[in-house]
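Listed here are the chains, written in short residue letters.
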Amino acid sequence: MSEQSENYEDVTIYGLDEDVEEALLNAHDECTFIWSNREGWPVGVIMSYVWRRGRFWLTASAQRARISAVRRDPRVCIVVTSTGSSLPRNKTVTWKGLCTVHESREVKDWFYPELAAALNPGHPARAAQFQAFLDSPRRVVLEVEPIQRISYDGAKMGAATARWLAMHGPGRTPET
């Protein structure tokens, strides 16, 4: 389809550019957070996040199974897709990372306002109330340090397909 490929076997050539990835991570506030349970099975849930300081920041109550799981094994995965954001669809990034569980007042004091504002843009009163709800006795903050990424930009694949069709004509496949 592109200069490097005549089919869709290797879509790694259609990765997100750094600026597009940064825009995606800042445009969205929802991700899939994935960890391993005690038996080694991957488990994932949708969680709100903010992307700050080159890290993913999330929160949950300490009695949640995912908290004991990441304390046992800090290897996690975060998936963010452009669906539901202000960006065009068909863009995604998956990050393998290491999760640190924070309980300190210092981390909570900067994180809670950031998350509350991100989830309630333009509504400071609602953000303040949400922040107050977050500040509960068992709540912890998760910091995920990105280690390895996999990304995909469907616009690049679409452009490569259009170039291939322009050169070879519609109705023809790479094998014909």
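Before reading on, note that the structure itself is shown above.
Now for a quick tour of the structure. (Residues numbered from 1 in each chain as written. Predicted model: local features only at pLDDT ≥ 70, side-chain atom pairs only at ≥ 80, totals over all residues. Heavy atoms only, no water.)

### Some points on the overall build of the protein
Okay, so step 1: Counting its secondary structure elements, the protein contains five helices and seven strands.
Okay, so step 2: Walking the protein from its N terminus toward its C terminus, one meets helices and strands in the order α-β-β-β-β-α-β-β-α-α-β-α.
Okay, so step 3: By principal-axis analysis of the C-alpha atoms, the protein measures approximately 65 × 45 × 20 Å.
Okay, so step 4: When each of the 176 residues of the protein is scored for burial, the buried share is 37%.
Okay, so step 5: Considering only contacts within the protein whose residues lie at least 6 apart along the sequence, 68% involve residues at least 24 apart.
Okay, so step 6: If you sum the accessible surface of the protein, you get close to 10100 Å²; carbon and sulfur atoms cover 54% of it.
Okay, so step 7: In the protein, the 21 positive side-chain charges and the 22 negative ones have mean positions that sit 8 Å from each other. (Helix = DSSP H or I, 4+ residues; strand = E, 2+ residues; numbered from the N terminus. Buried < 20%, exposed > 50% of the residue type's maximum accessible area, 1.4 Å probe, protein only. Contact = heavy atoms within 4.5 Å. Areas by Shrake-Rupley, 256 points an atom, 1.4 Å probe, with all protein chains shown as cover. Lys, Arg positive; Asp, Glu negative; His and termini not counted. Charge placed at Lys NZ, Arg CZ, Asp CG, Glu CD.)

### Remarks on the side chain of Glu143
Okay, so step 1: Topologically, Glu143 is positioned in strand S7 (residues 139-153).
Okay, so step 2: Its relative accessible area of 12% is what places Glu143 among the buried residues.
Okay, so step 3: There is a polar contact of 2.6 Å between the side chain of Glu143 and the side chain of Arg55.
Okay, so step 4: Among the polar contacts listed, one links the side chain of Glu143 to the side chain of His102, at a separation of 2.5 Å.
Okay, so step 5: With residues up to four places along the chain from it excluded, the contact list for Glu143 reads Arg55, Phe56, Trp57, Leu98, Cys99, Thr100 and His102. (Polar contact = N/O pair within 3.5 Å; in protein donor to acceptor, adjacent residues only side chain to side chain.)

### Focus on the packing of helix H3 (residues 105-119) against helix H4 (residues 124-134)
Okay, so step 1: In contact at an axis separation of 8 Å, H3 and H4 are set at 135° when each is read in the N-to-C sense. Between H3 and H4, the interaxial angle falls into the category oblique. Seen along the crossing, H3 lies across H4 with a hand that is right-handed. Residues Tyr112, Pro113, Leu115, Ala116, Ala117 and Leu119 of H3 form the contact with H4, whose participating residues are Ala127, Phe130, Gln131 and Leu134. (Axes fitted to C-alpha atoms, helices over the stretch in contact; angles between N-to-C directions. Parallel < 35°, antiparallel > 145°, perpendicular 65-115°, else oblique. Left-handed = near helix turned anticlockwise from the far one by under 90°.)

### Describing the pairing of strand S1 (residues 30-36)
Okay, so step 1: Side chains of S1 alternate between two faces, with Cys31, Phe33 and Trp35 buried and Glu30, Thr32, Ile34 and Ser36 left unburied.
Okay, so step 2: The pairing of S1 with strand S2 (residues 42-48) spans seven bridges and is classified as antiparallel. The partner of Trp35 across the bridge, within S2, is Val43.
Okay, so step 3: Bridge count for S1 against strand S5 (residues 75-81) is three bridges, and the pairing is antiparallel. Along S5, the bridge assignment pairs Phe33 with Ile78. (Pairing = 2+ DSSP bridges.)

### What to know about the sheet that holds strand S4 (residues 55-61)
Okay, so step 1: One open sheet holds the seven strands; their spatial order is S2-S1-S5-S6-S7-S4-S3, and the pairing between them is antiparallel. At either end of the open sheet lies a strand with only one pairing partner, and these are S2 and strand S3 (50-52). Across the sheet, the axes of successive neighbouring strands diverge by a mean angle of 35°, strand direction being ignored.

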